[in-house]
Amino acid sequence: MNRTLTKAAHLCSRPWLTRPFTSGKETARDYLEKAAAPFEVFDRNAKRMQRNRAAARATDSREVDYLKDEVAARVSDRLLDIKRRYHTVVEIGAGCGHLAKAVDDDMMDRLIMCDMAKTALERDTGAGYDVQVERRIVDEETPVFEPESLDAVVSSLSMHWVNDLPGMLIQIRKALVPDGVFIGAMFGGDSLFELRTSLQLADIERDGGIAARVSPLTDTRDVGSLLNRAGLTLSTIDVDSIVVNYPSMLHLVSDINAMGEGNAVVQRLPFIKRDTLLAASAIYKELYGNKDGSIPATFQVIYMIGWKPDPSQPKPLARGSGQVSLGEMFNADSHKL
């Protein structure tokens, strides 16, 4: 499904994964512990500062809420489709309260908003919502809750900055009650292909090589494996595309900073040269520009639903137990092999 908004886009960056190296001074045990730890793809402290700095400029920050508000509304629709009313729902990576604006008291009594960026979390403390809201400073990469204490957990557009996605999902599964649900949304690998191509061509033209400015995001096929690895069952995955029209690539970059979504990879490049940026902007408009002079930015959003196992959940019948053939079901001629 393709939909078009009238505002800006969002940039997600990931670096190439790197193995830890020994300095020669650490012990063998120290090195093995480093090697066994999850890859540190993103600088979480840098991301926290980016979000807080962006939210501190409240007026500019609110003007660029459109994309996260749109995805949060679609996450809310999926929560509503479950046909349950929850007492308390926990949101991981709540940001400035995008989901809180989309839910109502027919869905839940209370929403616990968790985010590591204090300024972003408290940007709209004076806003009124249909549900009771509680704010907590929690790093979404390491959510810690009492075992089997949560009925539902949601996450809307924050998982793309998490280093250890399997570890995060495992902690969520442990915190859910049996038959509890997790609903998440994250950017997929085809997001911003226009921007990625334009930057690569500009790098080749200006510097004779390609810089790792935008690295691959999670593929749709990997999401099912992540949910299964975390022990979540009855998984449902669907993909949506949002096309955002914007005046130019330079305006897009400005909105990225206002969103607090700038590059936060550990080995990020300190800057992009002005002539490379201008070349990328010209290439973007030439290759993908609309007739009215604007440029499109495509976002692939992957939505996922997973349930904590419970004996009451439906289970597939044993293999070979079927009594009716598919041919008979579709009123077609069939014969036994």
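These lines cover the structure that appears in this document, whether it is placed above or below. Model, not experiment: these values are computed from the prediction. (Residues numbered from 1 in each chain as written. Predicted model: local features only at pLDDT ≥ 70, side-chain atom pairs only at ≥ 80, totals over all residues. Heavy atoms only, no water.)

### Remarks on the environment of Ala 46
Here is step 1 of the chain: Secondary-structure assignment places Ala 46 in helix H2 (residues 44-56).
Here is step 2 of the chain: Put simply, Ala 46 and Ala 264 are 218 residues apart on the chain and 6.0 Å apart in space, counted from C-alpha to C-alpha. (Helix = DSSP H or I, 4+ residues; strand = E, 2+ residues; numbered from the N terminus.)

### Digging into unusual backbone geometry
Here is step 1 of the chain: Not every positive phi belongs to a glycine, and Lys 83 is a case in point at roughly 65°.
Here is step 2 of the chain: Along the chain, Lys 83 falls in the loop between helix H4 (66-80) and strand E2 (86-92).
Here is step 3 of the chain: Positive phi is not limited to glycine here, since Leu 192 has a value of about 55°.
Here is step 4 of the chain: Secondary-structure assignment places Leu 192 in the loop between strand E6 (176-187) and helix H7 (193-207).
Here is step 5 of the chain: Given a relative accessible area of 3%, Leu 192 falls into the buried group. (Buried < 20%, exposed > 50% of the residue type's maximum accessible area, 1.4 Å probe, protein only.)

### Re the packing of H7 against helix H10 (residues 274-288)
Each pair of packed helices can be described by the angle between their axes along with the distance between the axes.
Here is step 1 of the chain: Where H7 contacts H10, the two axes come as close as 8 Å, and the packing angle between them is 130°. By the angle class used here, H7 and H10 are oblique. Two packed elements cross with a definite hand, and for H7 against H10 that hand is right-handed. Contacts between H7 and H10 involve Phe 193, Glu 194, Leu 195, Thr 197, Ser 198, Leu 199, Leu 201, Ala 202, Asp 203, Glu 205, Arg 206 and Asp 207 from the first element and Asp 275, Thr 276, Ala 279, Ala 280, Ile 283, Tyr 284, Leu 287 and Tyr 288 from the second.
Here is step 2 of the chain: Of the residues assigned to the contact of H7 with H10, the class counts are 11 nonpolar, three polar and six charged. (Axes fitted to C-alpha atoms, helices over the stretch in contact; angles between N-to-C directions. Parallel < 35°, antiparallel > 145°, perpendicular 65-115°, else oblique. Left-handed = near helix turned anticlockwise from the far one by under 90°. Contact = heavy atoms within 4.5 Å. Nonpolar A, V, L, I, M, F, W, Y, C, P; charged D, E, K, R; others polar.)

### Here's the deal with the side chain of Gln 313
Here is step 1 of the chain: Its location among the elements puts Gln 313 in the loop between strand E8 (295-307) and helix H11 (326-329).
Here is step 2 of the chain: With residues near it in sequence (within four places) discarded, Gln 313 still touches Asp 179, Thr 233, Leu 234, Trp 307 and Lys 308.

### Describing the packing of aromatic side chains
Here is step 1 of the chain: The final tally for this structure, using the stated rule, is four aromatic pairs.
Here is step 2 of the chain: Ring geometry for Phe 42 versus Trp 161: centroids 5.0 Å apart, planes at 80°, classification edge-to-face. Of this pair, Phe 42 sits in the loop between helix H1 (28-36) and H2 while Trp 161 sits in the loop between strand E5 (150-156) and helix H6 (165-175), and the two are 119 residues apart along the sequence.
Here is step 3 of the chain: With 6.0 Å between their ring centres and 75° between their planes, Tyr 284 and Tyr 288 make a pair best called edge-to-face. In this pair, Tyr 284 and Tyr 288 both sit in helix H10, four residues apart, roughly one turn of the helix.
Here is step 4 of the chain: Looking at Tyr 284, the relative accessible area reads 0%, which means it is buried.
Here is step 5 of the chain: By relative accessible area, which is 22% here, Tyr 288 ends up partly exposed.
Here is step 6 of the chain: Put simply, the rings of Phe 193, Tyr 284 and Tyr 288 pair up and form one aromatic cluster. (Phe/Tyr/Trp six-rings, centres within 6.5 Å; stacked < 30°, edge-to-face > 60°.)

### Concerning the side chain of Ser 294
Here is step 1 of the chain: Locating Ser 294 in the fold gives a position in the loop between H10 and E8.
Here is step 2 of the chain: In this structure the side chain of Ser 294 is engaged in a polar contact, spanning 2.7 Å, whose partner is the side chain of Asp 292.
Here is step 3 of the chain: Excluding anything up to four places from it in sequence, Ser 294 contacts Asn 245, Tyr 246, Pro 247 and Gly 289. (Polar contact = N/O pair within 3.5 Å; in protein donor to acceptor, adjacent residues only side chain to side chain.)

These results come straight from atomic positions and should not be treated as a statement about function.
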